[in-house]
Amino acid sequence: MRNKQVILRDCVSGFPKETDMSIVESTLTLKLPEGSNEVLLKNLYFSCDPYMLFLMTNVEPGSVSYALPLSIRKPLIGFGVAKVLESEHKDYKKGDLIWGLTKLEEYSLVPSTQIQFKIEHTDVPLSYYTGILGMPGMTAYAGFFELGSPKKGENVFVSAASGAVGQLVGQFAKLTGCYVVGSAGSKDKVDLLKNKLGFDEAFNYKEEPDLNATLKRYFPEGIDIYFDNVGGKTLDAVLLNMRVHGRIPVCGMISQYNLAQPEGVTNLTNLMSKRVRMQGFVWSDFYHLYPKFLEFLLPHIREGKVVYVEDIAEGLENGPAAFVGLFSGRNVGKQVLVVARE
């Protein structure tokens, strides 16, 4: 069968460009060898996430990344929702819906070990498993509750707050009884945070020349939890405004990913003087909590107590633009690519 793919043309340097990727057609055999540990998938939804840039960039010897770099002329790799077409594995049968690591193409042949789980709850949109019920949702849940250790009445600040992870952290904070402020990069996103996602306050960081003063305005008593998605100047300003025994879960540093020379952070002495705990993490550290996460979140989704904003792009041909747009803030909410609608 013909198989349309989005492949990496060359290693990415600096900001990713649409021309770093190409749309090509290959062929794929739809019959698995007997006894194979692989599963043949029809991809339905693909998750466009900033971490994918690490897979597309030359990695210096000794450096640490999320995974091995992609190979040139091979399809992009990421998380997605797919339907099983053929399987020799006992846990998966034809017609099952799964979520896991797949490729940006119409059909994928993947090892069964790359499947995270079989989708059992289909009364919510399938696309949610690329976001709120997938890796971004688990990231928000684990980072906020496990590392943030929130208490009712605490002050929470979330950067990149309208993104796939940030929008959930803010809502989790409100469910906990916290005061929460988010930063975003446009007026529309600020309005979204305040009017749809329930943040107490929000501001456009591009219109705030003095972030330290801005944070003092919104947090006169200081910040208990800062959920960091951007790093850089924002992190530096937050360090001046943390309260004693504050917590900083470090989820991402998107402001730094495309810089030839990353910005320095100068206010780290506040970690010591205020006894602040700052910890980086990745969602897979907490994968064992996924059943608990579903038990917590699914009722809130069904009752409308937690909402999720998606930015939907249709068709593989729009994959490069959807991914590149993440780094200019073009997307509003979780960027999802529809590969096929069943």
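That block above? That's the structure.
The text that follows walks through the structure, step by step, so that each part is easy to find.

So, how was this worked out
Residues numbered from 1 in each chain as written. Predicted model: local features only at pLDDT ≥ 70, side-chain atom pairs only at ≥ 80, totals over all residues. Heavy atoms only, no water. Pairing = 2+ DSSP bridges. Helix = DSSP H or I, 4+ residues; strand = E, 2+ residues; numbered from the N terminus. Axes fitted to C-alpha atoms, helices over the stretch in contact; angles between N-to-C directions. Contact = heavy atoms within 4.5 Å. Salt bridge = Lys/Arg side-chain N within 4 Å of Asp/Glu carboxyl O. Buried < 20%, exposed > 50% of the residue type's maximum accessible area, 1.4 Å probe, protein only. Parallel < 35°, antiparallel > 145°, perpendicular 65-115°, else oblique. Nonpolar A, V, L, I, M, F, W, Y, C, P; charged D, E, K, R; others polar. Phe/Tyr/Trp six-rings, centres within 6.5 Å; stacked < 30°, edge-to-face > 60°.

Quick word on the sheet that holds strand β11 (residues 223–227)
The strand order β10-β9-β8-β11-β12-β13 describes an open sheet built from 6 strands, whose pairing is parallel. What marks the edges here is a single partner per strand, and that holds for β10 (201–204) and β13 (277–280). If you compare each strand with its neighbour and ignore which way they point, the axes differ by 15 degrees on average. As judged from the 4 bridges shared by strand β9 (residues 179–184) and β10, these two strands associate in the parallel manner. Residue pairing across strands places Gly182 opposite Ala202, the latter belonging to β10. Strands in contact with helix α2 (residues 135–147) are β8 (155–158), β11, β12 (242–250) and β13; relative to β11, the strand with the most contacts, it is inclined by about 155 degrees. The strands touched by helix α3 (residues 166–176) are β8, β9 and β11; relative to β8, the strand with the most contacts, the crossing angle is about 170 degrees.

Let's talk about the pattern of salt bridges
On inspection of all chains with the given rule, the structure shows 16 salt bridges. Two residues, Lys187 and Asp191, come together in a salt bridge whose shortest N-O distance is 2.9 Å. With Lys187 and Asp191 both in helix α4 (residues 187–195), this residue pair falls 4 residues apart, about one helical turn. What makes Asp191 partly exposed here is its relative accessible area of 29%. Of the charged contacts in the structure, one is a salt bridge between Lys305 and Glu303, with a shortest N-O distance of 3.2 Å. Several salt bridges share partner residues, and in doing so they unite Lys93, Asp96 and Lys118 into one network.

Considerations on the packing of α2 against helix α8 (residues 290–302)
For the pair α2 and α8, the least separation of the axes is 11 Å and the interaxial angle reads 95 degrees. If you check the angle between α2 and α8, you find them roughly perpendicular. On α8, the residues that touch Gly137, Met138, Tyr141, Phe145 and Glu146 of α2 are Tyr290, Lys292, Phe293 and Phe296. Here the residues of the contact of α2 with α8 are counted per class, giving 6 nonpolar, 1 polar and 2 charged.

Quick notes on the environment of Met52
Among the secondary structure elements, Met52 is positioned in helix α1 (residues 52–55). Residue classification places Met52 among the buried residues on the basis of a relative accessible area of 2%. Sequence-wise, Met52 and Gly78 are 26 residues apart; in three dimensions their C-alpha atoms are separated by 7.0 Å. Apart from residues lying up to four places away in sequence, Met52 is in contact with Phe46, Ser47, Leu76, Ile77 and Phe323.

Here's the deal with the packing of aromatic side chains
What the rule picks out here adds up to 26 aromatic pairs. Relative to Phe172, the ring of Phe145 lies with its centre 5.7 Å away and its plane at 35 degrees, an arrangement referred to as tilted. In this pair, Phe145 sits in helix α2 while Phe172 sits in helix α3, placing the two residues 27 residues apart along the sequence. For Phe145, a relative accessible area of 24% puts it in the partly exposed group. Judged by relative accessible area, which is 0%, Phe172 ranks as buried.

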